[in-house]
Amino acid sequence: MKILVLGGHGFIGSHTCNILKKQGHTIGVVDCHHQYFTFPDKEYQTILKQRQDYCMADKFYKGKIEDAEFMSNTFYRFKPDAVIHFATYPNVHMVKRNSFDATNNMINATIIILDLCVKHNVDKFVFSSSSMAYGHFKTEAPMEDHPTEPRSLYGTYKLCGERMCITWNKEHNLKYIIMRPSALYGTRDLITRVISQMTYSAITKKKIFVRGPNNKLDFSWVEDVADAFARVTTQPIYNEVFNCTRGKGVTIMKAAKIIQNILGGEIIEEEQDLLTSNRDTLNSCKIKNMTRWDPKVDIEEGIPRYINWFKKNYNV
């Protein structure tokens, strides 16, 4: 297949490209190397170089997905069979700080891409959503039909993207897959997620700040999740919504203690962030049954692997 990966030099995107390339597919990457007004140049450029090398793309198109002319030219040149959309703001707080830019990136650009998929007869559009679309979990280990009541602009825009996928399917017969990962961590990440932030503070401050220590997250190793994206893209599965998580919710405190056992530092408990939702385990049986996806990495293995990588790649 010819697969166009939007945000292919990002965290999940670069790992997904690597898997698809090893499977023999032709990979095109679109990325503007957006730093979301957050990451210092030195930190970002170092990790970006790793991601670029790791993804092994056949073609790279540098530009913004919000640029309709650029995206139109990219579709004409690459002629994709499938499109995977990762090119979005990474988390709740970045969206809140930059809501205008995030709206253009997460809403307007998605419309441009969906229209181009229809125009160019793309077989499948894979949309990277988030467990944040659910809001507070109302049941233990919710499945994909759990109510969606996001508590943040980030979650709202992710849900809006899902609804657009469904609408374009109804109105234009564009086939889609919607993926809902949760609490990702792993190598080639920037310091922006729970595990990376606690690791950074343990090393630099000898303190591990735990927001909402009893809140549970379904921590998912990035390569496991990338494998899920590769499977739904290449297998004959259409018009489905999938949770794609490890399936083992654990408290943030447990993750912090694993970090503490390796790096030391004092654990400091803080109140839960009001923008985040009360989450736990997601039920990912649907994608496992339909694609034979088998995530393997628990935090007892994943966190030490991530810390080893972090210490080698961050001069802190």
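Procedures and definitions
- Residues numbered from 1 in each chain as written.
- Predicted model: local features only at pLDDT ≥ 70, side-chain atom pairs only at ≥ 80, totals over all residues.
- Heavy atoms only, no water.
- Helix = DSSP H or I, 4+ residues; strand = E, 2+ residues; numbered from the N terminus.
- Buried < 20%, exposed > 50% of the residue type's maximum accessible area, 1.4 Å probe, protein only.
- Polar contact = N/O pair within 3.5 Å; in protein donor to acceptor, adjacent residues only side chain to side chain.
- Contact = heavy atoms within 4.5 Å.
- Pairing = 2+ DSSP bridges.
- Salt bridge = Lys/Arg side-chain N within 4 Å of Asp/Glu carboxyl O.
- Phe/Tyr/Trp six-rings, centres within 6.5 Å; stacked < 30°, edge-to-face > 60°.
- Core = buried A, V, L, I, M, F, W, Y, C linked by side-chain atoms within 4.5 Å.
- Axes fitted to C-alpha atoms, helices over the stretch in contact; angles between N-to-C directions.

Caption draft 1: Spotlight on the side chain of Asn243. Positionally, Asn243 belongs in strand 11 (residues 240-243). Accessibility expressed as a relative area gives 0% for Asn243, which makes it buried. Here the side chain of Asn243 touches Pro142 through a polar contact of 3.3 Å, landing on its backbone oxygen. Sequence-distant contacts of Asn243, that is, excluding residues within four places in its chain, are made with Tyr134, Pro142, Met143, Glu144, Arg180, Leu282, Asn283, Ser284 and Ile287.

Caption draft 2: Examining the pairing of strand 8 (residues 207-211) more closely. Because side chains alternate across strand 8, one face comprises the buried residues Ile208 and Val210, and the other comprises Lys207, Phe209 and Arg211, none of which is buried. Sheet analysis places strand 8 next to strand 13 (residues 266-270), joined by 5 bridges and oriented parallel. Bridge pairing in strand 13 links Lys207 to Glu266.

Caption draft 3: Structural view of the pattern of salt bridges. Counting across every chain of the model gives 15 salt bridges. Lys175 is the salt-bridge partner of Asp123, the closest N and O atoms lying 3.0 Å from each other. Placement of Asp123 in the loop between helix 5 (99-119) and strand 5 (124-128) and of Lys175 in the loop between helix 6 (153-172) and strand 6 (176-180) is noted, with a sequence separation of 52 residues between them.

Caption draft 4: Molecular detail of the packing of aromatic side chains. Enumeration over the complete set of coordinates arrives at 12 aromatic pairs. Ring centres of Tyr36 and Tyr89 lie 4.7 Å apart, and the angle between their planes is 65°; this geometry places the pair in the edge-to-face category. On the criterion of sequence distance, the pair formed by Tyr36 in the loop between strand 2 (26-31) and helix 2 (41-55) and Tyr89 in the loop between strand 4 (82-85) and helix 4 (92-97) is long-range, its members being 53 residues apart. Across this residue pair, the class does not change: Tyr36 and Tyr89 are buried.

Caption draft 5: Spotlight on the nonpolar core. Among the nonpolar cores identified, the biggest contains 69 residues, and Met71, Val83, Phe125, Met198, Phe219 and Ile303 are the most heavily contacted of them. Ranked by the residues each element gives to this core, the list is headed by helix 5, at 9 residues. Every residue in contact with Ile303, bar those within four places of it in the chain, is listed here: Tyr185, Ile195, Ala255, Ile258 and Ile259. Formed by 29 residues, the second largest nonpolar core is a distinct cluster that contains Val126, Ile237, Phe242 and Trp293.

Caption draft 6: Geometry of the sheet that holds strand 5. Strand order in the open sheet made by the 7 strands is 3-2-1-4-5-6-11, with parallel pairing throughout. At either end of the open sheet lies a strand with only one pairing partner, and these are strand 3 (59-62) and strand 11. Taking each pair of neighbouring strands and ignoring which way they run, the sheet shows an average axis angle of 15°. Two strands pair when backbone bridges link them, and strand 6 and strand 11 are joined in this way by 4 bridges, in the parallel orientation. Among the inter-strand pairings, Ile177 is bridged to a residue of strand 11, identified as Glu240. Strands strand 1 (2-6), strand 2, strand 4 and strand 5 of the sheet are contacted by helix 1 (residues 11-22), whose axis makes an angle of about 165° with strand 2. Sheet contacts for helix 5: strand 1, strand 4 and strand 5; angle to strand 4, the most-contacted strand, approximately 170°.

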